[in-house]
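Per-entry structural report
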Amino acid sequence: MTDTLDPLFQPLKAGALNLRNRIVMAPLTRSRADHKTLAPRQINADYYGQRASAGMIIAEATQIMPEGQGYAWTPGIYSDEQIAGWKLVTDAVHAKGGTIVLQLWHVGRISHRDLQPGGKLPVAPSAVKPEGKAFTETGFKDLETPRALELDEIPGIVAQYGQASKNAIAAGFDGVEVHGANGYLLDQFLRDKTNLRTDAYGGSIPNRARFLLEATQAAVDAIGKERVGIRLSPVSPANDCADSNPEPLFTYVTEKLSEMGLAFLHVIEGETRGSRAPEGAFDLSVLRKAFKGVYIGNNGYDPKLAAARVANGEVDAVAFGRPFIANPDLVERIRDGAPLAQPDEATFYGGDAKGYVDYPTYREADAKVA
Ligand SMILES: Cc1cc2nc3c(=O)[nH]c(=O)nc-3n(C[C@H](O)[C@H](O)[C@H](O)COP(=O)(O)O)c2cc1C
């Protein structure tokens, strides 16, 4: 290992979570849960076990309730079968000394009636149709105009964030990450392109932030603040979500999250899977300053950039997404200066072992060549 990468190999404590290095696995939807029960299976345990040397794994976005699903074959955390399935995963990671938290997900309007219980319309803060397609069991379909949630439906969803957190702990997770990013339900409430409400959950910044803060508080009340983190994507246009003035909005949200004493704040810097500095983006360092706990950066990092930003205190740790798909031993490759393999996008979502658990470690790849 070169000295310049050394900062990535310092251990880190985030609330009750112990990271043995600063290389975090970002949440990655792979659509490979059991097709009927949406429970994780042995193959999912094998996949996460292969990646257990990460400082922390943030397991893929997982719906907290049936209505929270927006893509075919994504796992849930609301049934006993799903809890038992996730236990296979957490056991595999813990057997190798790893740390793993679960990303709690409600997609809101980024869904389709084919994926909803009873074939009903997806729900959202307001009836605003997103641009884009839904990935259903029978292929891609146009996203639809969602139904605006009634005021009296909101407490039930908030409570489900608490129940899902308890279920995650029952499944052996070390904690949870509330998914507040990428244009899904909580982000739809935050931003004014998608939230046109005129009640206590719309309008002013505190009103638009209310749902996300209540959901996060429900997770905290259920399992303790030292086991709860959150992910935000303040300047990402993912899933057709946007805000006319994101800096004061996300500064307010971050200050409130900091007051809650969360284990970590995880920020997608720039456009998810795109530019780290999109046009019109504000300087996210204000969020780093506003949050007192552990700060994890993500998006388009390579090991050198990650180490440099950890070294100068811009972030405490870095989450890698795509690099973990093709490099189960990403930590060892970075440590040993081994080249990184490129992932096959055709096998990102759905399917089985191919492109999922068959990427070799660099030592295995070397052995084959020799
Ligand atoms: C196949 C795939 C699935 C993803 N699934 C999720 C997800 O479930 N939850 C989430 O917050 N982000 C998800 N993302 C975004 C990644 O976590 C990450 O933010 C993005 O890939 C940028 O990081 P990278 O440049 O290191 O890949 C996904 C990205 C990819 C490529």
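Residues numbered from 1 in each chain as written. Predicted model: local features only at pLDDT ≥ 70, side-chain atom pairs only at ≥ 80, totals over all residues. Heavy atoms only, no water.

Take helix α6 (residues 246-260) next. The first and last C-alpha atoms of α6 sit 21 Å apart over 15 residues, in line with the 21 Å expected at 1.5 Å per residue. The set of residues buried in α6 consists of Pro246, Leu249, Phe250, Thr251, Val253, Thr254, Leu257, Ser258 and Met260. Its buried side turned inward, α6 meets α4 (185-190), α5 (205-223), β11 (228-232), β12 (264-268) and α7 (285-290). (Helix = DSSP H or I, 4+ residues; strand = E, 2+ residues; numbered from the N terminus. Expected span 1.5 Å × (residues − 1). Buried < 20%, exposed > 50% of the residue type's maximum accessible area, 1.4 Å probe, protein only. Contact = heavy atoms within 4.5 Å.)

Mapped onto the elements of the fold, Met25 is located in strand β3 (residues 23-25). For the pair Met25 and Leu121, spaced 96 residues apart in sequence, the C-alpha to C-alpha distance is 33 Å.

Before going further, it helps to spend a moment on the site of the ligand. The immediate surroundings of the ligand are formed by 21 residues, with Thr29, Arg231, Asn298, Gly300 and Arg322 found nearest. At a separation of 3.2 Å, an oxygen atom of the ligand approaches a polar side-chain atom of His179. Protein burial of the ligand: of its 600 Å² of free accessible surface, 96% is covered by the chains. Counted by class, the shell around the ligand contains nine nonpolar, nine polar and three charged residues. (Near = heavy atom within 4 Å. Polar contact = N/O pair within 3.5 Å; in protein donor to acceptor, adjacent residues only side chain to side chain. Areas by Shrake-Rupley, 256 points an atom, 1.4 Å probe, with all protein chains shown as cover. Nonpolar A, V, L, I, M, F, W, Y, C, P; charged D, E, K, R; others polar.)

For the rest of this paragraph, the subject is unusual backbone geometry. If you check the backbone angles, Asn239 has positive phi at about 55 degrees while not being a glycine. By the secondary structure assignment, Asn239 is in the loop between β11 and α6. Phi is positive for Asp240, close to 60 degrees, though the residue is something other than glycine. By the secondary structure assignment, Asp240 is in the loop between β11 and α6.

By themselves, these figures tell us nothing about what the structure is for.
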